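Residue-level listing of the chains:
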Amino acid sequence: MLTDLPIRKIIHVDMDAFYASVAQLDNPELIGKAIAVGGSGRRGVISAASYEARKFGVKSAMSGNLAIKLCPELIFVKTDFERYTSISKKIRKIFLDYTDLVEPLSLDEAYLDVTQNKKGNPSASMIAEEIRARIFNEVGLTASAGISINKFIAKIASDYNKPNGQKTVNPEEVIPFLETLDIRKFYGVGKVTAEKMYQKGIFTGMDLKQKSIEFLEEHFGKSGSYYYNVVRGIHTSEVKPNRIRKSLAAERTFSENLSSEVFMMERLEQISEEVTKRLLKSKVAGKTVTLKIKYSDFSLQTRSKTLPYFISDKNIILETAKDLLYQEKMSNSVRLLGISLSNLNTETKKVPEPKSVSAQLKFGF
């Protein structure tokens, strides 16, 4: 039963078209125009698009070539991760004024547990409004928010009134909300899974709820129990302020396909250097090196090797990647190479449970 579960007050804050909005903030002439971040080269891939560009079908992970066909007036701007990181830190500082239980998912979104909060405000909805107003006034950007009893529902809700809006799903509204929800809106259901669910007659949360856990596990494997629970409002994952990095990676897409392994080695050396810089900056090391290869036909292959010791040295990373490169013959020319290091020497940190939350929960969301 939903009432038997620990009910928290969770806010999911999601910045609106963050990279594109930063570009418009820094250059007011771009406000109201269709812009894309990155992807301007012949082989470029778009990192983000403004809402004006999205109206034409332009979206992240799309090639620059296709984007310009969809939107001939599209303006391309360069990525600036230093700037994004700087602004993200300012936004996170605002979050921390309300609670220490902040779990960043990326530079532009985070979960906040405000069941107990530093302002003593019993309304998570009011806190979300205040946070969004502060982000706009102090940073100059808009954000959207979802508010509910757990992370799963809060994240879904944050998409509802974008941009610059918020949605609260109160405890008594959770089940009706999930039952009428399009299955494509469920966090964790991607395009392929959605198609498979359609084939099984699952189009809404209510359809999903009609399926037994045995049926879902049979057809969707380990994810079956996850789907069975979340459609019933069961998602007990806590907001974890000290999320442990599980891997660290760098990759490059090439302007011309590479067919010579000699040229690939030159690129791998550059990528190894970037990975090493990131390892040193994060003060971590790892045991498992993975080589990512995307071929000219867009097929993807990964090759991994786990060492008996932690490494962060460029030469060892490069030599391991080289071994993986020569592990088997290339099946086609290559458009992208990447190196990641996982199995890191980070330790899991226990996040304290919120205490004495019952008094807070007597008040509305």
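To be clear, the structure that these remarks concern was listed above.
Residues numbered from 1 in each chain as written. Predicted model: local features only at pLDDT ≥ 70, side-chain atom pairs only at ≥ 80, totals over all residues. Heavy atoms only, no water.

### Some details on unusual backbone geometry
Part 1: Each neighbour pair has its own omega, and for Lys162 with Pro163 the value is -10°, a cis peptide bond.
Part 2: One can find Pro163 in the loop between α6 (151-157) and β8 (166-168). (Helix = DSSP H or I, 4+ residues; strand = E, 2+ residues; numbered from the N terminus.)

### Here we look at a nonpolar patch on the surface
Part 1: A cluster of nonpolar side chains, namely Phe56, Leu66 and Leu70, defines an oily patch on the protein surface of about 260 Å² accessible area.
Part 2: In this structure, Leu70 sits in helix α3 (residues 64-70). (Patch = residues over 30% accessible without salt bridge, like charges linked within 9 Å, V, L, I, M, F, W, Y side chains within 5 Å. Areas by Shrake-Rupley, 256 points an atom, 1.4 Å probe, with all protein chains shown as cover. Salt bridge = Lys/Arg side-chain N within 4 Å of Asp/Glu carboxyl O.)

### Concerning the sheet that holds strand β7 (residues 143-148)
Part 1: Taken in spatial order, the 5 strands make up an open sheet running β5-β6-β1-β7-β8, and their pairing is mixed. Across the chains shown, the open sheet's two edge strands, defined by having one partner strand only, are β5 (102-106) and β8. Taking the axes of each pair of neighbouring strands and ignoring which way they run, one obtains an average angle of 15° across the sheet.
Part 2: Where helix α4 (residues 81-96) meets the sheet, its contacts fall on β1 (10-15), β5 and β6 (109-113), and the angle it forms with β5 comes to roughly 155°. (Pairing = 2+ DSSP bridges. Axes fitted to C-alpha atoms, helices over the stretch in contact; angles between N-to-C directions. Contact = heavy atoms within 4.5 Å.)

### What about empty space enclosed by the protein?
Part 1: Tallied over the full model, the rule gives 3 cavities of 30 Å³ or more.
Part 2: What the largest cavity holds in volume is close to 80 Å³.
Part 3: Along the walls of the largest cavity sit Val13, Asp14, Met15, Ser88, Ile91, Arg92, Phe95, Ser106, Leu107, Asp108, Glu109 and Ala110, which together make up its complete lining.
Part 4: Contributing elements (two or more residues each) for the lining of the largest cavity: β1, α4 and β6. (1 Å grid on protein atoms, 1.4 Å probe; cavity = no way out; pocket = protein on both sides within 12 Å on 5 of 7 lines; lining within 4 Å. Points joined across faces, edges and corners; volume = space filled by probe spheres on them.)

### Concerning the pattern of salt bridges
For side chains of opposite charge, pairing can occur when their charged atoms come near one another.
Part 1: All chains considered together, the criterion is met by 16 salt bridges.
Part 2: Across the pair Arg134 and Asp97 runs a salt bridge, and its minimum N-O distance is 2.9 Å. Residue Arg134 is found in helix α5 (residues 124-139), and its partner Asp97 is found in the loop between α4 and β5; the two are separated by 37 residues along the sequence.
Part 3: Note that Lys292 and Glu251 form a salt bridge whose closest N and O atoms lie 3.0 Å from each other. Of this pair, Lys292 sits in strand β10 (residues 286-295) while Glu251 sits in strand β9 (residues 247-258), and the two are 41 residues apart along the sequence.
Part 4: Given the relative accessible area of 24%, Lys292 is considered partly exposed. (Buried < 20%, exposed > 50% of the residue type's maximum accessible area, 1.4 Å probe, protein only.)

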